[in-house]
Amino acid sequence: MALASTSLFLSRWLSAPGRVGAVAPSGRKLAERMASATLADGPGVVVELGGGTGAITSELVKAAGQDGVVVVEIDPAMCRVIERRFPAITVVQGDAFRLDQVLQHAGVTAVRGIASGLPLLTQPPERRQALLEKCLSVMEGGPLVQFTYSLFSPIPFDILRETGVRAERMGRVWQNVPPASIWRYSLAA
Ligand SMILES: C[S@@+](CC[C@H](N)C(=O)[O-])C[C@H]1O[C@@H](n2cnc3c(N)ncnc32)[C@H](O)[C@@H]1O
């Protein structure tokens, strides 16, 4: 599985590097830390944006069950891998930047947390801001948790200030290749 996932990543990255954003799936440590930062209490499902081959999905499923996780992934081949790994999960092949429409289409009415592996740094800041606002608007106080290979927040600080969104750096996972930081965004209480 690990070898098949890595070779799928590599081939998809070669055809669309900016969209895939990584040459290999996230490692176990990063996936565990992403899942624990995302799993807020409350009703509703956990949504994963950019599920890839299911590295983070696997950790979300351990905590929330397959029926408690919805994955939004744009690449059909990646969607098929996740569906094979987790047959009872809801996988929506779609664009995470149109999250409101995607969730409506999937019949999702309550979301308690969102984990994202989307490659945000390849997107202009206005698009990152729109995604942040969209994610926070579909939840009642739940967090958007995003990993990044950058040392800085993938949502620029001027946007966070302007929107009044609270950002917490949940640490850096040095064991990941490449090392990644986890950011948790939520509406200030
Ligand atoms: C860096 S990979 C992360 C994959 C996986 N979450 C992991 O950590 O191994 C980014 C993933 O986001 C997906 N993706 C990119 N743009 C997307 C979009 N607009 N909507 C949904 N998925 C997208 C890519 O196809 C890829 O699977």
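Peer 1: Sorry, what's going on with the overall build of the protein here?
Peer 2: Within the protein one finds eight helices and seven strands. For 189 residues, the compact-globule estimate of 2.2 N^0.38 gives 16 Å, and the C-alpha radius of gyration of the protein, at 15 Å, lies within 12% of that figure. Expressed along its principal axes, the backbone C-alpha trace of the protein runs to roughly 40 × 35 × 25 Å. Here the protein, with 189 residues, has 40% of them falling under the buried criterion. Put simply, 65% of the contacts in the protein that link residues at least 6 apart link residues at least 24 apart.

Peer 1: Got a minute to help me understand helix α5 (residues 76-85) in this structure?
Peer 2: Each α-helix turn comprises 3.6 residues. Residues three or four places apart therefore point the same way. Within the sequence span of α5, burial applies to M78, V81 and I82. Axial view of α5: buried residues confined to an arc of 95°, hence all on one face. Those residues of α5 that are exposed and angled more than 90 degrees off the buried face are P76, A77 and R84. Buried residues belonging to α5 abut α1 (2-15), α4 (55-64), β2 (69-73) and β3 (90-93).

Peer 1: How should the nonpolar core be read in this particular structure?
Peer 2: Judged by nonpolar contacts, the single largest core of 51 residues is most densely connected at M34, V47, V69, V72, I114 and A115. Per-element tally for this core: the top contributor is helix α3 (residues 28-38), with five residues. Not counting residues within four places of it along the chain, the set of residues in contact with V69 comprises V45, V46, E48, T57, L60, V61, A64 and I89.

Peer 1: Would you take a moment to explain the site of the ligand for this structure?
Peer 2: Taken together, the neighbourhood of the ligand is formed by 23 residues, with S26, G50, G52, A96 and G117 sitting nearest. For the shell around the ligand, the secondary-structure elements that each account for two or more residues are α2 (17-20), α4 and β2. Looking at side-chain class alone, the shell around the ligand contains 13 nonpolar, six polar and four charged residues.

Peer 1: Honestly, the environment of P178 in this entry has me stumped. Any pointers?
Peer 2: Here P178 lies in the loop between β6 (165-173) and β7 (180-187). Taking the C-beta count within 10 Å as the criterion, P178 has 10 such neighbours and is therefore assigned exposed. Along the backbone, P178 and I56 are 122 residues apart, and their C-alpha atoms lie at a distance of 16 Å.

Peer 1: Is there a simple way to think about the sheet that holds strand β1 (residues 45-49) in this case?
Peer 2: As a general point, the strands of a sheet are linked pairwise by backbone hydrogen bonds and lie either parallel or antiparallel. Read across the sheet, seven strands follow the order β3-β2-β1-β4-β5-β7-β6 without closing on themselves; strand pairing throughout is mixed. Every other strand in the sheet has two partners, leaving β3 and β6 as the edge strands with one partner each. Across the sheet, the mean angle from the axis of one strand to that of its neighbour is 20°, orientation sign disregarded. Where strand β4 (residues 111-116) meets strand β5 (residues 144-148), three bridges bridge the pair, whose relative direction is parallel. Residue pairing for β5: A115 is matched across the bridge by V145. Across the sheet, α5 touches β2 and β3, and the angle it forms with β3 is around 175°.

Peer 1: Can you walk me through the environment of G113 in this structure?
Peer 2: Here G113 is to be found in strand β4. For G113, a count of 27 C-beta atoms within 10 Å puts it in the buried group. Sequence-distant contacts of G113, that is, excluding residues within four places in its chain, are made with T38, L39, A40, V46, G142, P143 and V145.

Peer 1: Looking at this structure, how should I read the packing of α3 against α4?
Peer 2: Contact pair α3 / α4: the axes reach a minimum separation of 8 Å and the direction vectors enclose 50°. Judged on the interaxial angle alone, α4 and α3 are oblique. In this structure, α3 meets α4 at a crossing whose hand is right-handed. Along its contact with α3, which presents A31, E32, M34, A35 and T38, the element α4 presents A55, I56, S58, E59, L60 and A63. Along the lines of polarity and charge, the residues of the contact of α3 with α4 split into seven nonpolar, two polar and two charged.

Analysis parameters
- Residues numbered from 1 in each chain as written.
- Predicted model: local features only at pLDDT ≥ 70, side-chain atom pairs only at ≥ 80, totals over all residues.
- Helix = DSSP H or I, 4+ residues; strand = E, 2+ residues; numbered from the N terminus.
- Rg over C-alpha atoms; globule rule 2.2 N^0.38 Å.
- Buried ≥ 20, exposed ≤ 12 C-beta atoms within 10 Å, placed from the backbone.
- Contact = placed C-beta atoms within 7 Å.
- Arc of directions from axis to C-beta.
- Core = buried A, V, L, I, M, F, W, Y, C linked by C-beta atoms within 7 Å.
- Near = placed C-beta within 6 Å.
- Nonpolar A, V, L, I, M, F, W, Y, C, P; charged D, E, K, R; others polar.
- Pairing = 2+ DSSP bridges.
- Axes fitted to C-alpha atoms, helices over the stretch in contact; angles between N-to-C directions.
- Parallel < 35°, antiparallel > 145°, perpendicular 65-115°, else oblique.
- Left-handed = near helix turned anticlockwise from the far one by under 90°.

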